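Spelled out from the first residue to the last, the chains are:
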Amino acid sequence: MKKLFLLCSLLVSSLIHADELGDILSDNKELLFDYQFQSNELESDMLSRSWLNPIRVQYSKDYSTQFTDATRKTGRYSVIIDQPIFRSGGIYYGIKYSQAFRDANNAELTLQKRTMIGDAISILFNLKKTKFEQEKMKYQIKNDRIDIRQKRDSYEAGLLDSSFLDQAILKKSQDETTLLQMELTLMELKQRFSLLSEKDPKNLRLPALKLMSKSKYSEENLELKRDRLRAEESDYNEKVTWAKYLPTVSLQGQYTDGDLNPFFSTSGFEEKYYNYGFTVSMPLDINSFSDIEASKVEKLRAAVEVLDRKDSVDEEYDWIHNSLDILDKKINLAQKDEKVYKSLYRLTKNLADAGEKTSFDADIMHNSLQIRKIDQKIYQIDKQIQLLKLYVRVENAI
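On a predicted model such as this, the values are computed, not experimentally measured, just so you know.

Rules used in this analysis
- Residues numbered from 1 in each chain as written.
- Predicted model: local features only at pLDDT ≥ 70, side-chain atom pairs only at ≥ 80, totals over all residues.
- Heavy atoms only, no water.
- Axes fitted to C-alpha atoms, helices over the stretch in contact; angles between N-to-C directions.
- Helix = DSSP H or I, 4+ residues; strand = E, 2+ residues; numbered from the N terminus.
- Parallel < 35°, antiparallel > 145°, perpendicular 65-115°, else oblique.
- Left-handed = near helix turned anticlockwise from the far one by under 90°.
- Nonpolar A, V, L, I, M, F, W, Y, C, P; charged D, E, K, R; others polar.
- Core = buried A, V, L, I, M, F, W, Y, C linked by side-chain atoms within 4.5 Å.
- Buried < 20%, exposed > 50% of the residue type's maximum accessible area, 1.4 Å probe, protein only.
- Contact = heavy atoms within 4.5 Å.
- Patch = residues over 30% accessible without salt bridge, like charges linked within 9 Å, V, L, I, M, F, W, Y side chains within 5 Å.
- Areas by Shrake-Rupley, 256 points an atom, 1.4 Å probe, with all protein chains shown as cover.
- Salt bridge = Lys/Arg side-chain N within 4 Å of Asp/Glu carboxyl O.

Q: Please provide a residue-by-residue account of the packing of helix α3 (residues 90-156) against helix α8 (residues 359-391), values included.
A: For the pair α3 and α8, interaxial distance at closest approach is 9 Å and the crossing angle is 165°. Looking at the two axes, α3 sits roughly antiparallel to α8. With respect to the hand of their crossing, α3 and α8 are arranged in left-handed fashion. Tallied by class, the residues present in the contact of α3 with α8 amount to 14 nonpolar, ten polar and 13 charged.

Right, dumping it as structure tokens:
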């Protein structure tokens, strides 16, 4: 029962953690994206219905003083329809084009949002990394101070040239300057994060990212998905352009309700009547061939862009996979160094206790041991930052 409760707690914790990162953007940023998604939906809806012509409602009032007895007034109310019902496939492909247009824009907006979320999470990783680097630098400065003290003693004893002491002092000064620069880096990272999110970085836990498969990255890559939809959009646009220069069938209709014309006899005329008919038309445009060819070239360009993007996606994955291998090697080296320094520290401490080494020698080994431990943590964060580059390009990965 206790194990079940613990498992449920971990599951709930992970879901909360995922929700925190999914909602990491500020309310204003979320609202801006919501409006962009809504605008895209509305624009696509209008595009899908663009083949429907508006119904024109018209009312007119005429006054004539041609008659000697009085000014004659005539009013007229009309409802006029001129609607294409067949465009050689252009209507169907126009609707399909609007759907591809909507989906491609949605993929682009989703990618932009994912990139912004990735930027915020990347800042969180870099905040943690910079704090580790500060901790590492503090150990380095401790070693610098010991080094200066040892070289000062040797210099005062006449065993060492002054240039060695000068270099040790300069090294300490440079490391202290670097430590101060890290403080500025922390301030800058916090300021950049505040522009993206209203949350407190201290209260957010970072995800533990793992390398996804190459097939998953390729199949769910938002850039590739967007480009494929753009290619589909260009394909439908070519068909719409072609249909534009083929025969079109339109229905016309008009309903009129108005006063009879006073200039004509009223016999045989109706106040309320209909006019209706149809039209078959086909434009003969000197630019039609160029227009069709331009849409075809755009379709071919979009198709080639998909192939190029596929190669880029594969290269991105391979590059990050290789960079992870390099970082793993760095971690292995740091682990080996840790074992060496741990052994040296124990040895030096024993020698110091026996009076054969100074406590400063033991402190140097201890500080170097801590530095190599921190290096491993920094390399692990570097791995997460590299993996994040994959995750931000895949939908619903975080």
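Let's pick the thread back up.
Q: Requested: an account of the nonpolar core, with residues and values cited.
A: The biggest cluster of nonpolar side chains holds 40 residues, and the ones touching the most others in it are Ile24, Phe193 and Tyr217. Among the elements that line this core, the one with the most residues is α3, at ten residues. Non-local contacts of tyrosine 217, meaning those with residues more than four positions away in its chain, are made with Met212, Val313, Glu316, Tyr317, Leu390, Arg393 and Val394.

Q: Please provide a residue-by-residue account of a nonpolar patch on the surface, values included.
A: A surface patch of nonpolar side chains, amounting to about 510 Å² of accessible area, comprises Ile55, Val57, Tyr59, Tyr77 and Ile81. Secondary structure elements with two or more residues in the nonpolar patch: β1 (56-64) and β2 (72-86). With respect to the secondary-structure elements, tyrosine 77 resides in strand β2.

Q: Please give an account of the packing of α3 against helix α6 (residues 222-243) that cites residues and values.
A: Here α3 crosses α6 at 160°, and the two axes come no closer than 8 Å. In terms of their interaxial angle, α3 and α6 are classed as roughly antiparallel. The handedness of the crossing between α3 and α6 comes out as left-handed. Grouping the constituent residues of the contact of α3 with α6 by class yields twelve nonpolar, five polar and ten charged.

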